[in-house]
Amino acid sequence: MTERVPVTDGGIDSDIRATRLRVLLRGALWALFVVGLGIVFIFPATMIVIGVFRDGLPTAADVPWTFDGFVAALSNPATWTTLLNSLILVAAGGTISTAGGAFFAWIGTNTDVPFRRALTPLMIINLFIPPLFYTFGWIMLGNAQNGLFNQVLRNLWGVEGLINIQSWGGLIFTISLGFVPFAYLLMLGAFRNRDQSLDEAASISGAGTFRTFFTITIPSVGPAITGAAILIMVLIFQSFENPYLLGKPAGIDVFATQIYAYIRDTTPAQYTSAFTLSLMVILLVVVLFSIQRGLLRGRSFTTLTGKTSRRDPVRLGAVRWVFAALILLFLLLNLVIPLGAVLLGSLQPTFGVLNRLTLDNYTAVLADPLLRSSLVQTAWVSVVGGLIAMSVAFLTTYIVLRRRGFLRAYVSLAMWIPWALPGIVLSLAFLFAVLAVPGWSGLYGTPLLLGIVLVVATIPLCVRLIEGALAQLSPELEEAGKVSGASQSRVFLTIVLRLILPSFLTGWFLAALFISGNLAVPMLLAPPGFQPVAVTALTLYVNGDYSGAAALFMIILFAAAIVIGLVGLSRLLGSRISARTSATNHAP
Amino acid sequence: MTEVVVSGLTKKYGAKAALHGLDVRIRSGEFVTLLGPSGCGKTTTLRCLAGLEKPTAGIVTMGDRVVVDTERRVFVPPEKRHIGMVFQSYALWPHLTVAENVGYPLRVGGMRGVERRERIAEVLDAVGLAEYGDRSATALSGGQQQRVALARALAARPGIIFYDEPLSNLDTKLRFTMGRQVRSLHDENGMTSVYVTHDQEEAITLSDRIIVMNHGLIEQDGTPEDLYDRPSSAYVADFMGFQNILTGVVVEAGARHADVEVAEGLILRAQVAELVRMGDTVTVAFRASHVHVEPAGSTGVGLFRGEVVHSTFVGSSVDLVVHARGASVQARIERSELERLGLGHPSAGDTLEFRVRASGALVVKGREGQRQAYATEAVNMVA
């Protein structure tokens, strides 16, 4: 009863032709892909190295090759202050946020602290709010002149400027707090999957809870902790928004802000200095990643035992209430207070006036054609850019997972570049790359270039989000599709994409939000007449219109909340409808 | 129905070859099993046949279509080979229901409407899951999931079905019933089946023919009876459960038998498949159950006196580890045999007369090189 193999008309000759066609087509597609990645990821990065040794824009004629700029940058004491500042910020912020993340991950998964189940949702919500928005919230609260805290203190006790968020303390505080959710989510899996019998063995050996925690629990998730710490340090190295808004007013320059200053705040722009600093950042990031490699080499930690038997959480006794209070404190500090400040600020007719809240700022923003177009443009760039970033991340991660040899190495390298290049350096690299190629200089000052760089800058985040989902996808699921007769592209769409769709959509949403909150890239690349919300809000803020800036942010967050709401609703309806149709279809 | 002809199939990963020029002919409607330990190349062979791996060299013909010919640069991708496959991990798509999983190959093949629904119902019925069509595929038990995978492989009525260790994730009892179902579906549908496993019992009970593989080469190819009774090499003997594999020197050579001295003064008589000469070093293999206890004072060939060093009661028989003249022999003695001789259960320290029956002992090809390593490991595990 079996059906015969459909023999193709021409027999072997047609199969030879078909094979040749497939090989050619595939080769062409791969070549296109390799060249495309090269243009977008690798070529701009080379501009940085070249830029260090050529003084001037690539468009200028007769630019000499010289070490002068390089030497000048290295002999400038500002460079070394910048390095020191960056190292202090990275060390302090990285340590605090990793410790905080590890602490919350531990109480969330291994203990009986009340409210621990709220931790993961809380951290995820936190992650969904771009750092720029938080920083604004904190400025509204802790600004020395007219921050809310200081206003309250002044009214109560007549104290002036007690709190100043625009300082070393404020910078480290907001950076550390801001990265705790990311650290937490990076380490959550390791803490959840670790073999709790290790702790039990320690307890049986006579170690108390705290001794067990420090001698067994923490070392057993060592690689996860160092991995998270290094990733967060890299991200802090690259952060622009906090240092620019909080550090710069206090005279604290880090790499990202100093590079920006060399390009925009000095005339003529000191490109070689900017590139030298960029190269230093990249080298430091490379060093950090190599340290991680070195740490992981030769150590085998089987945190995953395969048996996910749930064991009793560690009983902490009275101290669990202290920990519960810490969770609440974190909720207040990292979500309620800064976001509340933005919300409150957006409702004040003039910043600081608390007794007459109105929606005037919102109507003003929406009525102003410039602000409205800024919102609309940001929405477009974010939604389309997020989709492209997610698609590129999906495709490249998939290739890295499924391919071997040259393609894998090449794609890994290309994908690594946006990891190592902070937004401001990336923008600078693209700026020069576009100017260096005659046919491309038309891209300079267009929304398209801004969009491309925003996409590239968002890719590391997207890769992180899609990696986990793809890694869980067994290759056999795809093979089963091919064996069933489905073509490669059909398998890719109906099986691979379909299965990771939830992660893909979440990633798209998050990528869009992050693009809308990216300040570094548009500050360097936004063309005239095209101002993303981040830059618009900054302009409003610089002009003293805090309330208007706050209203802009709240509109974005409201829009995001509406999207989430719609997704939730459609899911609910979808499951209802499918439940009903399957019920009617199969009624007897 | 599909005949498969493989010639010179070679697969290299970098410089390392996983398959060395394999030649196999699988007749139409045959149930063939590729048997061997992990790393022997059986799965690579299967994946090359299915088109999931591209062979480095060789020709594969399925039915009257050349699907791989590296010389003429032909490679037909898996989706154009009209095959079915059952995976070790079941590989059911979690976003589809049981019926949708089974219907996927049909949908891809362009079958629609009533015809498709009927076909899905038919194959689900064949695997005993008629009631489960609307369930989510991953909500089923392991055995049920594997039956869905089986139904999916059968749905488009391919001429050939490949099985990649499909039962290894199931428990023993389920494995037995599922194995029977696989075989009866093969018999009913009359397709060709190629089955990969490392379990000799599974191979013996299911197959028309077994191909034992070793380091990318075919070690022995024959019916289950052939392999069970007449393994040609120590490697296959070991795999087929010959607990005793000893090396020795031929002291008496006959046309069908040879006497082999496996330890000083310990001479066993064994069947020979190929001619051996006096003084040759050969390997003798026999099962523990081919060792018998003899009354004290017996004489003859294959007889030896040994000391029991270990005795394990295993129900209807007793397993012994016997030391005789420096050689270690495993014996499985039926309790009825002991009763007939008026003996109690032997315990450690007892000395008894044993005989290895010549009909059960075989002179086989020895091991060399890497094979030795695997075999020693296996023997150590048994001992």
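Since the structure is predicted, the reported quantities are computational estimates derived from the model, not experimental observations.

This paragraph deals with the UniProt feature "domain: ABC transmembrane type-1" (unreviewed entry) in chain A. Within this structure's numbering, the places UniProt gives as "domain: ABC transmembrane type-1" (unreviewed entry) are residues 83-292 and 375-568 of chain A. In this annotation, residues 375-568 of chain A is assigned 82% helix and 0% strand; the end-to-end C-alpha distance for the span is 24 Å.

Take the interface of chain A and chain B next. Each side of the interface is counted separately: chain A has 34 residues, and chain B has 45 residues. In total, chain A and chain B occlude about 3500 Å² of area from one another, counting both sides; carbon and sulfur atoms represent 55% of this. Viewed at the interface, chain B and chain A are joined by two salt bridges. Of the charged contacts, one joins A:Asp15 and B:Arg65 as a salt bridge, the two residues approaching to 2.9 Å between their closest N and O atoms. At the junction of chain A and chain B, the tally comes to nine residue pairs in polar contact (both at pLDDT 80 or more).

Turning our eyes to something else, we now look at the pattern of salt bridges. Under the defined criterion, the tally for this structure stands at 21 salt bridges over all chains. Between B:Asp221 and B:Arg209 there is a salt bridge; the shortest N-O distance is 2.8 Å. A residue pair is termed long-range when its members are at least 10 positions apart, and B:Asp221 in strand S11 (residues 217-222) and B:Arg209 in strand S10 (residues 209-214) qualify at 12 residues. For B:Asp221, a relative accessible area of 38% puts it in the partly exposed group. B:Asp226 is the partner of B:Arg230 in a salt bridge, and the nearest nitrogen-oxygen pair spans 3.1 Å. Connected via shared salt-bridge partners are A:Glu479, B:Lys11, B:Arg47 and B:Glu53.

Turning our eyes to something else, we now look at the environment of B:Leu92. Residue position: B:Leu92 is located in the loop between strand S7 (84-86) and helix H2 (98-108). With a relative accessible area of 5%, B:Leu92 lands in the buried category. Each C-alpha atom of the pair B:Leu92 and B:Val102 lies 9.2 Å from the other, and the pair is 10 residues apart in sequence. Setting aside residues no more than four positions away along its own chain, B:Leu92 makes contact with A:Leu477, B:Asn101, B:Ala137, B:Gln145, B:Val148, B:Ala149 and B:Arg152.

Turning next to the pairing of strand S20 (residues 351-356) of chain B. Residue and element names in this part refer to chain B. Where strand S16 (residues 291-294) meets S20, four bridges bridge the pair, whose relative direction is antiparallel. When the sheet's bridge partners are listed, Val-293 is paired in S20 with Phe-354. In terms of strand pairing, strand S17 (residues 303-313) meets S20 through five bridges, oriented antiparallel. Within the sheet, the bridge partner assigned to Arg-305 lies in S20 and is Glu-353.

Attention now moves to the sheet that holds S10(B). Residue and element names in this part refer to chain B. Read from one edge of the open sheet, six strands run S7-S8-S9-S3-S10-S11, paired in mixed fashion. Edge positions in the open sheet fall to S7 and S11, since each of these has one partner strand only. Strand-to-strand twist of the sheet, defined as the mean angle between neighbouring strand axes without regard to direction, takes the value 20 degrees. In this sheet, strand S8 (residues 160-164) lies alongside S7 in parallel orientation, the contact comprising three bridges. From the neighbouring strand, Gly-84 faces S8, where its bridge partner is Ile-161.

Parameters at a glance
All chains use their own residue numbering, which begins from 1 and follows the written sequence. The order in which chains are written sets their letters, starting at A; the order in which ligands are written sets their numbers, starting at 1. This being a predicted model, a pLDDT of at least 70 is required before a residue's local features are given, and a value of 80 or more before pairs of side-chain atoms are given or counted; all residues contribute to the totals for chains, interfaces and linings. Side-chain metrics rest on all non-hydrogen atoms present in the structure, leaving aside hydrogens and water. UniProt positions are given in the numbering used here, feature names are shortened, and annotations may be inferred rather than shown by experiment. A run of H or I in DSSP counts as a helix once it spans at least four residues, and a run of E counts as a strand once it spans at least two, with each numbered from the N terminus. Whether two residues are in contact is decided by their heavy atoms: any pair within 4.5 Å suffices. Using a 1.4 Å probe, buried area is obtained as the accessible area two parts lose upon being combined, added over both of them. In what follows, salt bridge is the name for a side-chain nitrogen of Lys or Arg lying within 4 Å of a carboxyl oxygen of Asp or Glu. Any pair of N or O atoms that falls within 3.5 Å is considered a polar contact. Within protein, one atom must be able to donate a hydrogen and the other to accept it, and sequence-neighbouring residues count only if both atoms are side-chain atoms. The buried label goes to any residue with under 20% of its type's maximum accessible area, the exposed label to any with over 50%, and the partly exposed label to all in between, with areas taken from a 1.4 Å probe on protein chains only. Two strands form a pair only when DSSP identifies at least two bridges running between them. Axes here mean lines fitted to C-alpha atoms, for a helix over just the part in contact, with angles spanning 0 to 180 degrees between N-to-C directions.

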